[in-house]
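Structure assessment
Take a look at the letters that make up each chain.
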Amino acid sequence: MDDKKTLYSAIQPTNNLTIGNYVGAIKNWLNLQENYDCYFAIANMHAITVRQNPAELRQKTLALLALYIACGIDPQKCCLYVQSHVPAHAELCWVLNTFTYVGEMERMTQFKDKSARHAENVNMGLMDYPVLMAADILLYQAQFVPVGEDQRQHLEIARDIAQRFNNAYTPTFTVPEGLYMKVGAKINDLQDPAKKMSKSAENPNGSVFLSDDRDTIIRKFKRAVTDSGSEIRFDPENKPGVSNLLTIYSVFSGKTVPEAEAEFAGRGYGDFKLAVGEAVADKLQPVQREQEKILADREYLNAVLKSGAERAAHIAARTLGKVYKKIGFYQI
Ligand code: ATP
Ligand code: LTN
């Protein structure tokens, strides 16, 4: 166990998760949990950078934990915990803020997007989001961070901040690397394949949620935007809609993209879209049932979170202690 490399990732307990979150993040974690020392957090401190309903945030926190477990993430193998249960995240974030420049944060794509979408509430937390994310990762000395393509820029900043600190003092943080899926690191919106599929998209028909029932899933795929022509071919530049559907089909059916192309050669878009919808629904139904079951057992979920928080806090405190020492905080 001790010689395993450390891996860290997190998801915000906001809205309902989409198949983009599943494919880009959770599915990837499943294979990794066997070979790494894994920390998977529920990033509720990141979630409040956009105004949340308190009752919903509480409920979604537990629902996300139940979903992790329902998808096959094993709390015996991985440390599953809630970010706000480990105060070191906020403490390290404060220190790292002094190693981060305002200009760098203003340039972040997600900050620009979210500021435009929430113009009434462009708060400091929204801008500081990547620094808190760097603190998450660096506290655990994680080597690898499996995330979707949209997080690449945040990961680069986490690396820069780690290197800056290491150079200013002595090596303190492991400089993390992003791990991106070859297929599925970016699932796009079904109605607008130029955009990433998002939990908070305006048009709910463009996103398939993990909580959608079979009929809804199939209906959304039937309505998915395809491209001109009739060929089912992987060509993201000229056929973004069809290529996105091929990616989704490949991930959910376990077939490669060329295998999927061969399967649908000469067949129409209607047939193809129905098959994609069925493959997704078949995979999600058992996960939904399992999540319901787990969610009903509050005692079990609390026990998982308690032991996760204890384990995480222990490791985090070690790193924070080193940092405080190096920067000259007087210790008693
Ligand atoms: P929001 O729309 O509320 O900002 P989000 O859908 O981007 O949320 P996050 O909680 O920010 O979700 O991301 C959780 C994980 O899912 C991250 O690893 C992220 O990279 C991944 N992810 C999000 N959207 C996609 C997508 N469309 N394709 C692949 N991976 C994705
Ligand atoms: N910002 C991430 C969620 C997140 C995260 C992290 C991912 C918070 N802290 C640390 C990896 C490592 C997102 O996916 N939106």
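Above this text is the structure in question.
Residues numbered from 1 in each chain as written. Chains lettered and ligands numbered in written order. Predicted model: local features only at pLDDT ≥ 70, side-chain atom pairs only at ≥ 80, totals over all residues. Heavy atoms only, no water.

Let us look at the site of ligand 1. Residues in close proximity to ligand 1 total 21 residues, the closest being G148, D150, I187, K196 and S198. I187 is positioned such that a nitrogen or oxygen atom in its backbone is 2.7 Å from a nitrogen atom of ligand 1. Between ligand 1 and S200, the relevant distance is 2.8 Å, taken from an oxygen atom to a side-chain nitrogen or oxygen of the residue. With the chains in place, 96% of the 610 Å² that ligand 1 exposes on its own is no longer accessible. Counting residues per element, the shell around ligand 1 draws most heavily on helix α1 (residues 19-32), which supplies 4 residues. (Near = heavy atom within 4 Å. Polar contact = N/O pair within 3.5 Å; in protein donor to acceptor, adjacent residues only side chain to side chain. Areas by Shrake-Rupley, 256 points an atom, 1.4 Å probe, with all protein chains shown as cover. Helix = DSSP H or I, 4+ residues; strand = E, 2+ residues; numbered from the N terminus.)

Moving on: the packing of aromatic side chains. Note on aromatic pairs: each is described by the distance of the centres and the angle between the planes. Applying the stated criterion across every chain yields a total of 14 aromatic pairs. Note on Y249 and F264: the rings are 5.2 Å apart at their centroids and 75° apart in plane angle, and the pair reads as edge-to-face. With Y249 in helix α10 (residues 240-253) and F264 in helix α11 (residues 257-264), this pair connects stretches of sequence that are 15 residues apart. Here Y249 falls in the buried class, since its relative accessible area comes to 5%. Ring-pair connections join several aromatic residues into one group, and the members of that group are Y8, Y39, Y81 and Y140. The ring of Y180 carries R152 above its face, with NZ or CZ at 4.1 Å from the centroid. It is R311 that lies over the ring of Y39; its NZ or CZ is 5.4 Å from the centre. (Phe/Tyr/Trp six-rings, centres within 6.5 Å; stacked < 30°, edge-to-face > 60°. Buried < 20%, exposed > 50% of the residue type's maximum accessible area, 1.4 Å probe, protein only. Lys NZ or Arg CZ within 6 Å of the ring centre and 35° of its normal.)

Another aspect to go through is the pattern of salt bridges. Applying the stated criterion across every chain, the model contains 13 salt bridges. Between R311 and D37 there is a salt bridge; the shortest N-O distance is 3.1 Å. Remark: D37 occurs in strand β2 (residues 37-42) and R311 occurs in helix α13 (residues 298-327); sequence separation between them is 274 residues. Looking at D37, the relative accessible area reads 13%, which means it is buried. A salt bridge links R164 to E104; its shortest N-O distance comes to 2.5 Å. Pair noted here: R164 is in helix α8 (residues 152-168) and E104 is in helix α5 (residues 102-106), with a separation of 60 residues, a long-range link. Classification of R164 as partly exposed rests on a relative accessible area of 23%. Since its relative accessible area comes to 10%, E104 is described here as buried. (Salt bridge = Lys/Arg side-chain N within 4 Å of Asp/Glu carboxyl O.)

Now for the site of ligand 2. Around ligand 2 lies a shell of 13 residues, among which H46, Y129, M133, D136 and Q151 are the nearest. Between ligand 2 and the protein, one listed contact pairs a nitrogen atom with a side-chain N or O atom of Y129 at 2.7 Å. Contacts to ligand 2 include Q151, whose side-chain N or O atom sits 3.1 Å from a nitrogen atom. Relative to its unbound accessible surface of 370 Å², ligand 2 loses 92% to contact with the protein. Counting residues per element, the shell around ligand 2 draws most heavily on helix α7 (residues 124-139), at 4 residues.

Position of Q12 among the secondary structure elements: in the loop between β1 (6-11) and α1. With near-sequence residues (within four places) excluded, Q12 lies in contact with A43, H46, A47, L64, K114, Y129 and K199. (Contact = heavy atoms within 4.5 Å.)

Position of K114 among the secondary structure elements: in helix α6 (residues 109-117). With no salt bridge to any partner, buried K114 finds its closest opposite charge in D150, at an N-O distance of 8.0 Å. Here K114 is in contact with Q12, V50 and L126, once residues within four sequence places are set aside. (Lys, Arg positive; Asp, Glu negative; His and termini not counted.)

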